[in-house]
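Next come the chains, spelled out residue by residue.
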Amino acid sequence: DQQVKQNSPSLSVQEGRISILNCDYTNSMFDYFLWYKKYPAEGPTFLISISSIKDKNEDGRFTVFLNKSAKHLSLHIVPSQPGDSAVYFCAAKDTGGFKTIFGAGTRLFVKA
Amino acid sequence: DSGVTQTPKHLITATGQRVTLRCSPRSGDLSVYWYQQSLDQGLQFLIQYYNGEERAKGNILERFSAQQFPDLHSELNLSSLELGDSALYFCASSVAGGLEETQYFGPGTRLLVL
């Protein structure tokens, strides 16, 4: 049972444009959501997070939006840069916070 | 460099064998997590330790076991290996394992079972 779903395996965007990566979840007990970025041959690195009490969190070029009623979150990257090309994982934690459930990832290609 | 180290980087072994993956957390981190990433899949949470004690268990097979030692390094033991166990195994660490803590991931160990 996939509790965190990233339905787009890949996304291609032109440099300078906006990249929008989407994530859906099924468990209403999830309290905290995260995005990680992963380059080949490296471990995932934390990018940005959002608590369930917020609907938006911004950090530089990265903004995460949370729609609790739709159980949907998205990551916006503006403007996209070639160095953003990586796999992006959406993840969620429940109130206990001990387990982090990851989606399957979306591979982003930013074309120069 | 996240500060989390994993050894070995690559491991090739045969079905039925047993292997041990090792993880050293970031200095000061008490909590260690293990994840498995199979081909084209997300990271599957296996198990979490905090200061030597098991704290949470995910989809970890009975053939797999882990422990965290007094010096806080952790080992993941995989036994009776099957072809389907071929995957990337990541270790992550955080200060105490709280809800809003960032997990820092190591570079992973790539296991190939032939």
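Figured I'd write up the structure that's included with this text. Everything numeric here is computed off the predicted structure, so don't read it as measured data.

**Things to note about the interface of chain B and chain A**
Chain B puts 23 residues into the contact, and the matching count from chain A is 21 residues. Here chain B and chain A share an interface that buries about 1700 Å² over both sides, 60% of which is from carbon and sulfur atoms. The largest share of the area that chain B buries against chain A comes from B:Leu43, B:Leu99 and B:Phe105, three residues that together contribute 32% of it. On inspection of chain B and its partner chain A, the count reaches zero salt bridges. Taken together, the links from chain B to chain A amount to five residue pairs in polar contact (both at pLDDT 80 or more). Sorting the residues of the side of chain B that touches chain A by element identifies β4 (31-37), β5 (43-50) and β6 (53-57) of chain B as the ones contributing at least two each.

**A closer look at the sheet that holds strand β3 (residues 19-24) of chain B**
Residue and element names in this part refer to chain B. As summarised here, the arrangement of the four strands in space is β1-β3-β8-β7, forming an open sheet in which the pairing is antiparallel. Of all the strands in the sheet, just β1 (5-7) and β7 (64-68) have a single pairing partner and so form its edges. Along the sheet, successive strands turn relative to each other by an average axial angle of 15°, direction set aside. In this structure, β7 lies alongside strand β8 (residues 74-78), joined through five bridges in antiparallel fashion. Pairing of Gln67 across the sheet is with Glu75, part of β8.

**Some thoughts on the pattern of salt bridges**
Two side chains bearing opposite charge may form a pair once their charged atoms approach each other closely. The full count for this structure, using the stated rule, is five salt bridges over all chains. We note a salt bridge from A:Glu58 to A:Lys56, for which the minimum N-O separation is 4.0 Å. Given a relative accessible area of 51%, A:Glu58 falls into the exposed group. For A:Lys56, a relative accessible area of 43% puts it in the partly exposed group. Among the salt bridges present, the one from B:Arg26 reaches B:Asp29, with a minimum N-O distance of 2.8 Å. Overall, the relative accessible area of 21% leaves B:Arg26 in the partly exposed class. Linked by salt bridges that have partners in common, B:Arg63, B:Glu82 and B:Asp85 make up one network.

Here is what the cut-offs are and how they apply
As a convention, each chain's residues are numbered from 1 in the sequence order in which they are written. Labels are handed out in written order, letters beginning with A for the chains and numbers beginning with 1 for the ligands. The predicted origin of the model limits local features to residues at a pLDDT of at least 70 and limits the giving and counting of side-chain atom pairs to 80 or more, whereas totals for whole chains, interfaces and linings rest on all residues. Side-chain calculation: all heavy atoms of the structure are included, whereas hydrogens and water are not. Here, two residues are considered to be in contact whenever any of their heavy atoms come within 4.5 Å of each other. What gets called buried area is simply the loss in accessible area from a 1.4 Å probe that two parts show on being joined, summed for both. Salt bridges are counted wherever a side-chain nitrogen of Lys or Arg sits within 4 Å of a carboxyl oxygen of Asp or Glu. Polar contact criterion, stated in full: a pair of N or O atoms within 3.5 Å, where within protein one must be able to donate a hydrogen and the other to accept it, and residues adjacent in sequence count only if both atoms are side-chain atoms. Here a strand is any run of E in DSSP of at least two residues, a helix any run of H or I of at least four, and the numbering for each starts at the N terminus. In this scheme, strands are said to pair when DSSP sees at least two bridges between them. Inter-axis angles, ranging from 0 to 180 degrees, are taken between N-to-C directions of lines fitted to C-alpha atoms, where helices are fitted over the stretch in contact. Burial classes follow relative accessibility: with a 1.4 Å probe on protein chains only, a residue under 20% of its type's maximum area counts as buried, one over 50% as exposed, and anything between as partly exposed.

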